[in-house]
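Survey of secondary and tertiary structure
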Amino acid sequence: MDALSTIVNASATSLYVSLLSIAFNPTAWNIVARNEYRNKTITRMFGGNARYGCYFLAIMIFSFGVLRDHLYQRALSDQPRVSMLAAPYDTLVPIVLFAIGQLFVVTSTLALGITGTFLGDYFGILMDHRVQGFPFNVLRDPMYVGSTMCFVATALWYERPAGLLVTLYVYIVYLIALRFEGPFTDMIYSKRTSAKKAL
């Protein structure tokens, strides 16, 4: 336990606030999106315009993502600083990891578009076909992988080993979210395929 206390300040409230925000985002958006699929709550808020509803949700998801990242950085600032990599790798590795992570996140968004990225399929805004170009030809879930890489990079950049433990938590949260998101999205598209075949 003494060894853990040298790398984790368990008394820092900011750590728990960060962990809560990390779990909140995918949990909340999955609940909101499933409600939208079944009840069209957000679409009704925008007078029946599903696209406007999806844009509204996109703004919310993006904003809470920025808040989550800010809370993570604040949490890291309250954690012990411990050198993890020798120079010049202490700067090179986090820069490369962050750049690749952002590449995956940004190119995913470009490939999917706003509605494809921000749960448009739950609003009934379906893509014509599955995106198979980069980065989806390299990874099944490049956005989650890229985000996780950025968490690792930030922990290494600020030399906070606690950040690596938080990143492991992020990875587990994302895996759980994917167990819900993946099958539900597949169900939406398989329903459309069945409906087309019935015509």
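Our structure is the block above this text.
The sections below set out a description of the structure shown in this document.

Reading the values: the criteria
Residues numbered from 1 in each chain as written. Predicted model: local features only at pLDDT ≥ 70, side-chain atom pairs only at ≥ 80, totals over all residues. Heavy atoms only, no water. Helix = DSSP H or I, 4+ residues; strand = E, 2+ residues; numbered from the N terminus. Buried < 20%, exposed > 50% of the residue type's maximum accessible area, 1.4 Å probe, protein only. Contact = heavy atoms within 4.5 Å. Expected span 1.5 Å × (residues − 1). Bend = angle between axes of the 7 residues up to and from the residue. Phe/Tyr/Trp six-rings, centres within 6.5 Å; stacked < 30°, edge-to-face > 60°. Core = buried A, V, L, I, M, F, W, Y, C linked by side-chain atoms within 4.5 Å. Axes fitted to C-alpha atoms, helices over the stretch in contact; angles between N-to-C directions. Parallel < 35°, antiparallel > 145°, perpendicular 65-115°, else oblique.

Let's shift gears to the overall build of the protein chain. Across its full length, the protein chain carries seven helices and zero strands. Going residue by residue from the N terminus, the α and β elements of the protein chain occur as α-α-α-α-α-α-α. Overall, the C-alpha framework of the protein chain stretches about 65 × 35 × 25 Å when taken along its three principal axes. Taking all 199 residues of the protein chain together, the buried fraction comes to 39%. Sequence separation of at least 24 residues holds for 82% of the intrachain contacts in the protein chain that already meet a minimum separation of 6.

Attention now moves to helix H7 (residues 161-198). Taking 1.5 Å of rise per residue, 38 residues should cover 56 Å, and H7 covers 56 Å from first to last C-alpha, within 8% of that figure. A bend of about 30 degrees at Leu178 is the largest found in H7.

Two measures describe an aromatic ring pair: the distance that separates the ring centres and the angle between the ring planes. For the structure shown, the criterion picks out nine aromatic pairs. For the pair Phe46 and Phe56, a centre-to-centre distance of 5.4 Å together with 45 degrees between the ring planes defines the contact as tilted. A residue pair is termed long-range when its members are at least 10 positions apart, and Phe46 in the loop between helix H3 (41-45) and helix H4 (50-77) and Phe56 in helix H4 qualify at ten residues.

Counting residues in hydrophobic clusters, the biggest one holds 16 residues, and the most contacted among them are Trp29, Leu57, Ile61, Leu119, Tyr122, Phe123 and Ile125. Mapped by element, the contributors of at least two residues to this core are helix H2 (13-39), H4 and H7. The contacts of Ile125, once residues within four sequence positions are left out, are Ala50, Arg51, Cys54, Thr115 and Gly120. If you look at the next biggest cluster of nonpolar residues, it comprises 15 residues, including Leu15, Leu19, Ala155 and Val166.

This part covers the packing of helix H6 (residues 142-157) against H7. Between H6 and H7, the least distance of the axes is 9 Å, while the angle of their chain directions is 170 degrees. Considered as vectors, H6 and H7 are oriented roughly antiparallel to each other. Of the residues in H7, those touching H6 at Tyr144, Ser147, Thr148, Phe151, Val152, Ala155 and Leu156 are Gly163, Leu164, Thr167, Val170, Tyr171, Tyr174, Ala177, Leu178 and Glu181.

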